[in-house]
Every structure is written in structure tokens, then in C-alpha cells.
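# Survey of secondary and tertiary structure
Chain by chain, the residues run as shown.
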Amino acid sequence: MAKKTSDHIQKPARIYYQDTQLILEGPLSNQTIPALQKQLKRMQLDIVGTIDISAVNYIDSAGVAFLEELTDRTGSTIDLLKANENGQRALETFSSRKNQKPEYLPEPGFFESIGNAVYDIKDSAINFLYLTSEVVLWSFYGIVHPGSRRKGSVIQQSYLIGSNAVGIIALLSFVLGLILALQSAAQLRQFGANIYVADLIAISMVREMGPMMTAIIIAGRSGSAFAAEISTMKVTEELDALQMMAINPISYVVVPKFLAITICMPLLVTLSMILGIMGGFVIGLTYLDLTFVSYFNETISILTAEDLLVGLSKSVFFAWVIVIIGSYFGFKAQGGAAGVGKVTTSAVVASIFAVIFLDALFSLIYMI
Amino acid sequence: MSNAVIQIKDLITQYGDKTILDGINLDFYSGQVTVILGGSGCGKTTLLKSIIGLVSPTAGEVRIFGEPFGAADEAHYNTTLRRIGVLFQNGALLNSISIAENVAIPLEQHTHLDHSLIDTIVMTKLHMVGLDHAANLLPSELSGGMRKRAALARAIALDPELLFCDEPSAGLDPVTSAALDNLILTLRDQLNMSVVVVTHELASIHRIADRIVFLDQGKILFCGSLAEAKTSNVSEVELFFKTGSF
Ligand SMILES: Nc1ncnc2c1ncn2[C@@H]1O[C@H](COP(=O)(O)OP(=O)(O)OP(=O)(O)O)[C@@H](O)[C@H]1O
Ligand SMILES: [Mg+2]
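Here we summarise the structure given alongside this text. Residues take numbers from 1 onward in each chain, read along the sequence in its written order. As a convention, the first chain written is A and the first ligand written is 1, with the rest following in written order. In keeping with the model being predicted, local features are shown solely for residues with a pLDDT of at least 70 and side-chain atom pairs are shown and tallied solely at 80 or more, while totals for entire chains, interfaces and linings include all residues. The basis for every side-chain value is the complete set of heavy atoms in the structure, and neither hydrogens nor water enter the calculation.

## Things to note about the packing of aromatic side chains
Residue and element names in this part refer to chain B. We count it as follows: Aromatic rings from Phe, Tyr and Trp, taking only the six-membered ring of Trp, are treated as a pair when their centres fall within 6.5 Å; an angle between ring planes under 30 degrees marks them as stacked, one over 60 as edge-to-face, and anything in between as tilted. Burial classification: accessible surface area is computed with a 1.4 Å probe over protein chains only, and a residue below 20% of its type maximum counts as buried, one above 50% as exposed, and the rest as partly exposed.
Enumeration over the complete set of coordinates arrives at 15 aromatic pairs over all chains. Judged by centre distance (5.0 Å) and plane angle (40°), the rings of Phe69 and Tyr77 are tilted. Considered together, Phe69 and Tyr77 belong to a single accessibility category, that of buried residues. Between Phe240 and Phe241, the aromatic rings sit 5.5 Å apart at their centres with planes inclined by 85°, giving edge-to-face as the arrangement. According to the relative accessible area criterion, Phe240 is buried, its value standing at 0%. Overall, Phe241 belongs to the buried group, its relative accessible area being 12%.

In C-alpha cells, the structure reads:
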């Protein structure tokens, strides 16, 4: 039965012109209209008085839209008397004459958009600083009053941010150490300076690559997760619900992440440093004919407490930047699932950018 | 006449340039169930959110329990919120924790009750909405109607003096819907709770409404008792009570 109906809708329709009358035959459906429009284009219409749809056996909403467009364009009328009952009902139901125009907001002009952009930047900056201060404030409050957090939330977050990232960070750092050593080995060898590969790897992993590599991985893994989680909570009104229970969303959602990442980041960075050095070590032993003892001693002798401190303190700042940017974008989300996707991407891009920028800044500061 | 728990004066709320609420003047009285009625998109949810401070009104004043109410005065806002329960249109349960934990949150945050007591209260509230069997499920494991009921259980966890419900019975079958209505009436009688309900269900309105506020295009079209509403000659109100549609 269903098949039969759709068959008859898809049968071709016909249009022809006779004594100022446009005569339509067959079904007028979203399937047949395109062919009709083609036929119509080839026809020469002089004066059209009425449109006869007495031989039309089926009209859907596309058919009605087509007829209305046709009458508008030719200045004709539809001969309603001849239309069958079904056709009249369709014209009544699907008529677009009663439609209201959707509201369009006027597009802002060039100068107006520049002005808006400036205001946006100002607002964003204020919101960002506000969020930062709130996070810091509530974190200290959270440390002093551990009861204000949900039990186990910091541990749970540490697990998500820290434990789950151990494998990937270890692997990538090891490979990074391997690559760094391999790249420099060829050069150092020419001068017989094989042993200095240990210095190079130790310094670069501890001061630069370890913290940076870890921060970029954590920005990708956890920064995106923060933004996604918070923005989802926003679009599903969970944040509103928290506020209605007189629970500060920042203290409930962001502070556990803030505390957890502050603990986890230095640990992960330490892991990354060790694995990176081990990567260099493998190249040293195999390709540069160094001994275990000489490599180990060289590494220990070149590293100072200051190097370690620089690396670890940097990593804490990276961690904070990642949490705050992730949360900032999360809170900024608007409009359903699409909004969640958008802010997640932005959060990752922005936090990786911020990490690298901050790293450059630190390098400058330490140079001076 | 009982005294006003919520007083709204010249409330105007806009989203961008679009005016959603246009000069609302309204009082809600203690111990009454007030139903807010109106077509979809006419601003009922916006009115609720403006009252509870989730949307900041462009102009006008909201007083709750006789004091100005709004997110500006944070300390006062938060203490007052403890006396208020809100059921959101979409439930807004925290998705990462179970139903029972959701209901426990307000109790843990705002009371010093010990855990066994909190557990008992949580189970009582869940029982009141007919969800005791689902206590340990996550919100994502519930049906839409169950989520609504769980959210109601959370809204009444602290036995608030003032309860806001945005379409509590949407998506519920008639039997459950009637049970929820009875629950609202019980709470009103037992705790002298004042309840503000947004609903379209004619049957539900007949059961619970003490007072009716009819909203249309951001303005109040009608405000009065259920009996007055039924005999009202405002055409939209008349039509609604005759046919159940707007
Ligand atoms: N966040 C928002 N931003 C912009 N406009 C909004 C927003 N939320 C709602 N609106 C607009 O406000 C108007 C009123 O919305 P509201 O949610 O209050 O309607 P409602 O009466 O609760 O409808 P329903 O019965 O469908 O829930 C709508 O026209 C909607 O387009
Ligand atoms: Mg609504």
C-alpha cells in the first residue's frame, strides 16, 4: 500500500499552456516539481490568466509552494473551483501566505564590528581575570576547608589527570630523548665530544623539553576534558542547578581539578625528565660507545638543583594555565552540543599556545 | 489574605535586544500553589529564572521573603537559596554522580547532619517521588520522566519554604503526573510550602492550582484564583480552559 502511494507521487507530472491557461496534470510533489520547473523554463508564456489544477491528483507542500511561486511570477490565479477537495485542502494547509518573516538582525557595519570586537576582548579579559582570581581564592579556601569539597574529588581528578597520562608521557618522553640524542650524536661524534650528549639531554630534558612536552600532552588530554565537562554542565543547566543549591560552581567543579593538576604536573614532569634521559642513555650506550658509569656520572655532575627547580616550577605554572584556560572556555560555552565541541577545540589550541608563550617568557627571564 | 513570599515590581528582562518580559508586576502568596500558564516561548522559564536570579533582569525588582533578592548581594543570596528549591525544565541533575548522591548534595552542603541520617532522608525523598529502586543509577540510565522526578526529589531535599517547578509533569504518564500533583499538595499542606509551577496540563492545573498567572508575550494577561480563571472572559484564558490549548 505504502509503495503504491509513493509510486503515484513519483509518476511524472505535466504542464502545458492553452488559451492563457496553464494546465497541470499528475502529482505535484517534491519528486516531480524539478522536472516541471525544467518544462516550464522551456515554455513561452505570454499572458497567464488562471492555473488549472483539476487534473492534479496529489499535492504536497512543495507542490503548494511551487503553485504559489508560479502565481506570483505570472500574476495569475489558481482556478480553485476546478481543484478537487484534496487539492483545496492542501492549498489551505501548506499555504505560505500566512508565514511570518523571520527576524533578521541587521549585520553590523565595518566600524561597528571593530568596536564590538574591542568590547569582546575587554569583556573576555575581565572574565578571564575574574575567573583566575576566583579559582585561586576558592582553591585556598578549599585547602583550608577540605570539607567544602565533595569527598574524594581531588583524588578522582588526580587519577584522571595524572595516573591515566603516565603511559603516554613516559613513552613520548623516552622517544623524545632518543630523537634528541640521535640528532646531536652525529654532530658531537665529529669532534669526539661523545660524552657531551649526556649534558645536552640532561639539560634540555630537565629545563625545557620535559616540562613543555608534558604540558602539551596534558593540555591535549585534560585541558580539552575540562572544557568539555564544564561546557556540558553549562548547556545542561547543571551549573545553574549548583548555583541554586548555593554551591559555587567554581569551587565545586574547578577547584578539585586545580588542586589535582598542581599535584600531578610536577610528578609527571619528573617522570618525563627521567624517561627522556633514559632515551638519550640508550643512544649513548649503543651508538656513541659510552659506558653506563660515565654517562650517569656526567648527567649527575652537570645537573644542578637550580635546573630541577626551573623545570618543576615552570611545570606548575603550565598546569595552572591549562586548568584556567580549559575552565574559562568551558564556562563560556553557549548553545547545545555544538557549543561544547567549539569551546573544546578552542581550549586546546589556546592552552598549547599559552604554554609555549609562557615557556618563551620563562627562558627570557632566566637569561637575564 | 496570606502574605506575599515573592514580590515582583516592574520586571523587565531582555536577551540582547529582545524583550522577553515586559513590565511584570506580581505577588506570590505563602502556602499557595501558583500556576504560571502561557504558550510555548512566551517567557515562563525566563520569568522563573529572573525571579531566582539566574537571569539578571534589565530593570525592576524581585523581593523574596520580603528582602530584595538577586545575585548581587552574594551572602544574602546564598543564605536565602537554602530556603528555595528549584526543579529545572530539563532536570539538570549532575551527570557524573548517582541519583542518590544528587539528592544528597544540598543536604551535605547546607546541614551538619551525619551520614546515616542523610542517607535516610535521601531515600525518603526518593520514595516520595517513586524512585527508591533507582537510587544508585546514574542520571543517564534513567528515562526522561524519571529524571524529572529525581530532580524534584533533589529540589525538595532541604524541605524548602519555596519551591519552583518548571513543567514537572511534562513527559510523565497521567498516573505518575497525578501522583506528583498529590505530592506537591501534600508538601504545601504539610510544610506550608509555597509552590510556583509552570505547566500546560489542564488536568494538573485543576488538581493543584490555587492561583493562576497567565502570561502572553511577556505581559500578564490574567492573574487570579482558579475559580476566577475558569469564568474569566479574557479570550485567551477562556479558550485555554475550554480546549486546553493556547
Ligand atoms: N539564552 C537565551 N538567549 C536568547 N534568547 C533566549 C534564551 N533563552 C530563551 N530565549 C528566548 O526567550 C523566549 C522565552 O523563552 P522561555 O524559555 O522563557 O519560554 P517558555 O515560556 O519557558 O517556553 P516553553 O513552554 O517552551 O518552555 C523565547 O522566545 C526564546 O527565544
Ligand atoms: Mg520553559
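Next comes the rest of the account.
## Re the packing of helix H7 (residues 166-190) of chain A against helix H10 (residues 249-286) of chain A
Residues and elements named next belong to chain A. Spelled out, the test is: Only the stretch in contact is used when fitting a helix axis, every axis being a line fitted to C-alpha atoms; angles between N-to-C directions are given from 0 to 180 degrees. Every helix listed is a DSSP run of H or I at least four residues long, and every strand listed is a run of E at least two residues long, numbered separately from the N terminus. Should an angle fall under 35 degrees it is taken as roughly parallel, and over 145 as roughly antiparallel, whereas 65 to 115 is taken as roughly perpendicular and any remaining angle as oblique. For a crossing to be left-handed, the near helix must be turned anticlockwise from the far one by less than a right angle; the clockwise case is right-handed. The contact criterion used is simple: two residues touch if any of their non-hydrogen atoms lie within 4.5 Å. Gly is placed with the polar residues, together with every amino acid not listed as nonpolar (Ala, Val, Leu, Ile, Met, Phe, Trp, Tyr, Cys and Pro) or charged (Asp, Glu, Lys and Arg).
Contact geometry of H7 with H10 gives a least axis separation of 7 Å together with a crossing angle of 40°. When the axes of H7 and H10 are compared, the pair comes out oblique. In this structure, the crossing between H7 and H10 has a hand that is right-handed. Across the interface between the two elements, Val166, Ile169, Ala170, Ser173, Phe174, Gly177, Leu178, Ala181, Leu182 and Ala185 from H7 touch Leu268, Leu271, Ser272, Leu275, Gly276, Met278, Gly279, Gly280, Val282 and Ile283 from H10. Of the residues that constitute the contact of H7 with H10, the class distribution is 14 nonpolar, six polar and no charged.

## Some thoughts on the interface of chain A and chain B
Just so we agree on the cut-off: Take the accessible area each of two parts loses on contact, using a 1.4 Å probe, and add the two losses: that sum is the buried area. A pair is scored as a salt bridge if a Lys or Arg side-chain nitrogen falls within 4 Å of a carboxyl oxygen belonging to Asp or Glu. By the criterion applied in these results, polar contacts are pairs of N or O atoms within 3.5 Å in which, for protein atoms, one can donate a hydrogen and the other can accept it, and in which residues neighboring in sequence qualify only through two side-chain atoms.
On the side of chain B, 23 residues touch chain A, which itself brings 16 residues to the contact. Carbon and sulfur atoms make up 58% of the area that chain A and chain B hide from each other, which totals about 1,800 Å². The largest share of the area that chain A buries against chain B comes from A:Glu237, A:Met244 and A:Met245, three residues that together contribute 35% of it. For the interface between chain A and chain B, the tally reads one salt bridge. Here B:Lys49 ties to A:Glu237 by a salt bridge, and the two come within 2.6 Å at their closest N and O atoms. Inspection of the chain A/chain B interface yields four residue pairs in polar contact (both at pLDDT 80 or more). When residues of the side of chain A that touches chain B are assigned to their parent elements, the largest contribution, six residues, is made by helix H9 (residues 238-244) of chain A.

## Structural notes on the side chain of A:Lys314
Residues and elements named next belong to chain A. Topologically, Lys314 is positioned in helix H12 (residues 305-332). Residue classification places Lys314 among the buried residues on the basis of a relative accessible area of 1%. Beyond its immediate sequence surroundings of up to four residues, Lys314 is in contact with Arg207, Glu208, Pro211, Asp359 and Phe362.

## So, the coordination of the magnesium ion (ligand 2)
All names here are of chain B. Here is the rule: Only nitrogen, oxygen and sulfur atoms within 2.8 Å of the metal, or 3.2 Å for Na, K and Ca, are treated as donors, and water is left out, so sites may look incomplete.
Thr45 (OG1) and Gln89 (OE1) make up the full set of protein donors to the magnesium ion (ligand 2), lying at 1.9 to 2.3 Å. Of this pair, Thr45 sits in helix H1 (residues 44-52) while Gln89 sits in the loop between strand E6 (84-87) and helix H3 (99-110), placing them 44 residues apart in sequence. We classify Gln89 as partly exposed; its relative accessible area is 30%.

## Remarks on a positive patch on the surface
All names here are of chain A. The following threshold applies: Nonpolar side chains (Val, Leu, Ile, Met, Phe, Trp, Tyr) within 5 Å and like charges within 9 Å form the patches, drawn only from residues with over 30% relative accessible area and no salt bridge. In these tables, accessible area is a Shrake-Rupley quantity obtained with a 1.4 Å probe, and a residue counts as shielded only by the protein chains included in the view. The charge count includes Lys and Arg as positive and Asp and Glu as negative, but it does not include His or the ends of the chains. Charged side chains are reduced to one point each, which is NZ for Lys, CZ for Arg, CG for Asp and CD for Glu.
Among the surface-exposed residues, Lys38, Lys41, Arg42 and Arg73 lie close enough to one another that they form a single positively charged patch. For the positive patch, the leading source of residues is helix H2 (residues 33-42), giving three residues. Tracing the sequence through the fold places Arg42 in helix H2.

## So, the pairing of strand E2 (residues 21-28) of chain A
All names here are of chain A. The condition that has to hold: Between any two strands, pairing holds if DSSP finds at least two bridges. Here the term right-handed applies to a crossover when the path leading from its first strand over the helix to its second strand runs clockwise, the strands being oriented away from the viewer.
The buried fraction of E2 is high, at seven of eight residues. Summarising the sheet, strand E1 (residues 14-18) and E2 pair through five bridges and their orientation is antiparallel. Residue pairing in the sheet places Gln18 in a bridge with Gln21 of E2. The antiparallel pairing of E1 with E2 creates a hairpin that spans two residues between the two strands, and Asp19 there sits at a positive phi of about 45°. Each parallel crossover has a hand, and for E2 linked through H2 to strand E3 (residues 50-59) it is right-handed.

## Side note on a nonpolar patch on the surface
Residues and elements named next belong to chain A. On the surface, Leu285, Phe292, Val293, Phe296 and Ile300 cluster together into a nonpolar patch covering about 490 Å² of accessible area. Considering each element in turn, the nonpolar patch owes the most residues, four residues, to helix H11 (residues 292-302). Along the chain, Ile300 turns up in helix H11. Judged by relative accessible area, which is 52%, Ile300 ranks as exposed.

## With respect to H10(A)
Think of an α-helix as turning once every 3.6 residues; residues three or four places apart then point the same way. Residues and elements named next belong to chain A. Selection rule: The length a helix should cover is 1.5 Å for every residue beyond the first. Note that the bend at a residue is defined as the angle between axes fitted to the seven residues ending at it and the seven residues starting at it.
Between its first and last C-alpha atoms H10 spans 54 Å; for 38 residues at 1.5 Å apiece the expected length is 56 Å, and the two agree. The principal kink in H10, of about 35°, is found at Val255, preceding the proline Pro256 by one to four residues. Across the 38 residues of H10, 28 count as buried, placing the element largely inside the fold. Of the residues flanking the start of H10, the one acting as N-cap is Asn248, its side-chain oxygen 2.7 Å from the backbone nitrogen of Ile250.

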